[in-house]
Amino acid sequence: MKVWAGSLAAVVRRRPPVPGSRHSAGMRQVVLVLVGMEIVLAFPLSSMLPPAVRPVHAAFELLLVLAGLGLVAALVRHPHEVDGERVVLRTGFLGDVTLPRSSVRSTSPVIRTVPGRGPRAVPGEPGAVACSVDSALNVAVHLDPPVRLALGPAGSVDASTVYASVDSRLTLVEALRRMDPPDRS
């Protein structure tokens, strides 16, 4: 909730978004549609409630709408980051995966789903980790040498592939190319 509230406050204060490769466009669109529907349907529903309950309903609806907008703001304001030393694949609010830039060798497009949310091990693929807000993944980041990633209660994985979700794979590839490590031996 802290990430959601901070992101929403930054949007309200018109702070410029953090540069980086955006992710989770599908999730953002679905949440915005649901927020819009919630706003529209709140008024007819409120008119059916007894007058004594309406303030409680209004407060609940306000919290629901702010939570949805906070979720979208968190996804927009926490993009994937690439610099000369590291690559950070983010989920917006469920955690991130930090990889040394020197280990990232390439990316490739993929179309796959991995159950769960946030950084997690990929079932049936011992050297793979998924990092996304939902189960849909569209890019594979290949690592050499493998990187040990701590996944909390799931344990650690020596990852040679990290699957993620990006809005534009070309933007991520471009950022990786710009930040090529000087020595790749």
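Once a new chain begins, its residue numbering starts again from 1 and follows that chain's sequence as written. At least 70 in pLDDT is required for a residue's local features to be given in this predicted model, at least 80 for side-chain atom pairs to be given and counted, and no such filter applies to totals for whole chains, interfaces and linings, which use all residues. Side-chain measures were taken over the full set of non-hydrogen atoms in the model, leaving aside hydrogen atoms and water.

**Here's the deal with the overall build of the protein chain**
Inclusion rule: A run of H or I in DSSP counts as a helix once it spans at least four residues, and a run of E counts as a strand once it spans at least two, with each numbered from the N terminus. With a 1.4 Å probe rolled over the protein chains alone, any residue whose accessible area is under 20% of its type maximum counts as buried; one over 50% counts as exposed, and the rest are partly exposed. Areas reported here follow the Shrake-Rupley algorithm with a probe of radius 1.4 Å; residue values treat only the protein chains shown as occluding. Just so you know, the count uses Lys and Arg for positive and Asp and Glu for negative, and it drops His and the chain ends. All charge positions are set by atom: Lys at NZ, Arg at CZ, Asp at CG, Glu at CD.
Within the protein chain one finds four helices and eight strands. Traced from its N-terminal end to its C-terminal end, the protein chain shows the element sequence α-α-α-β-β-β-β-β-β-β-β-α. With the C-alpha coordinates aligned to their principal axes, the bounding extent of the protein chain is approximately 70 × 35 × 25 Å. The buried share of the protein chain, taken over its 185 residues, is 39%. Within the structure as shown, the protein chain displays about 10,300 Å² of accessible surface, and the carbon and sulfur contribution to it stands at 65%. Each charge class in the protein chain was averaged separately, 20 positive and 14 negative side chains, and the resulting centres sit 6 Å apart.

**Overview of the side chain of R77**
Cut-off, in case you're wondering: Any carboxyl oxygen of Asp or Glu that lies within 4 Å of a side-chain nitrogen of Lys or Arg is treated as forming a salt bridge with it. Any pair of N or O atoms that falls within 3.5 Å is considered a polar contact. Within protein, one atom must be able to donate a hydrogen and the other to accept it, and sequence-neighbouring residues count only if both atoms are side-chain atoms. Whether two residues are in contact is decided by their heavy atoms, any of which lying within 4.5 Å being enough.
Along the chain, R77 falls in helix α3 (residues 54-77). Salt bridges are absent for the buried R77, whose nearest opposite-charge side chain, E81, sits at 11 Å. A distance of 3.2 Å separates a polar side-chain atom of R77 from the backbone oxygen of P16. Once residues within four sequence positions are removed from consideration, R77 is found in contact with S7, A10, V11, R15, P16, P17 and V18.

**Side note on the layout of surface pockets**
For the record, the criterion: Cavities and pockets were defined on a 1 Å grid built from protein atoms only: a cavity is a group of points that admits a 1.4 Å probe but offers it no way out, a pocket is an open group of points flanked by protein on both sides within 12 Å along at least five of seven lines, and a lining residue is one with an atom within 4 Å of any such point. Grid points are joined across faces, edges and corners, and a volume is the space filled by probe spheres set on the points.
Counted as a void, the largest pocket has a volume near 200 Å³. Broken down by secondary-structure element, the contributors of at least two residues to the lining of the largest pocket are β1 (81-82) and α4 (169-178). Top element by residues in the lining of the largest pocket is α4. It accounts for five residues. The calculated volume of the second largest pocket comes to roughly 150 Å³. Around the second largest pocket, the lining residues are E38, I39, A42, F43, S46, R54, H57, A58, E61, L62 and V65. Broken down by secondary-structure element, the contributors of at least two residues to the lining of the second largest pocket are α2 (25-48) and α3. With six residues, α3 is the single largest residue contributor to the lining of the second largest pocket.

**Digging into the pairing of strand β5 (residues 118-121)**
Note the threshold: Should DSSP find at least two bridges between two strands, the strands are taken to pair.
Where β5 lies against strand β6 (residues 128-132), four bridges are found, and the strand directions are antiparallel. Looking at β6, one finds that A121 is bridged to V129.

**Here's the deal with the side chain of H57**
Its location among the elements puts H57 in helix α3. Under the relative-accessibility criterion, H57 is labelled buried at 11%.

**Things to note about the sheet that holds strand β7 (residues 136-150)**
Going by this rule: Angles here are taken between N-to-C directions and fall from 0 to 180 degrees, while the axes themselves are lines fitted to C-alpha atoms, restricted in helices to the stretch in contact.
Taken in spatial order, the five strands line up as β4-β7-β8-β6-β5 in an open sheet, and their pairing is mixed. Pairing within the sheet leaves two strands with one partner each, and these edge strands are β4 (104-113) and β5. Neighbour-to-neighbour, the strand axes of the sheet open up by a mean angle of 35°, direction not taken into account. For β6 and strand β8 (residues 156-164), the ladder comprises four bridges, and the chain directions are parallel. The residue of β8 that forms the bridge with C131 is A164. Packing of α4 onto the sheet brings it into contact with β4 and β7, and relative to β4 it is tilted by some 165°.

**Here we look at the environment of R13**
By secondary structure assignment, the location of R13 is in the loop between α1 (2-12) and α2. A relative accessible area of 51% means that R13 is categorised as exposed. Between the C-alpha atoms of R13 and P109, which are 96 residues apart in sequence, the distance is 36 Å.

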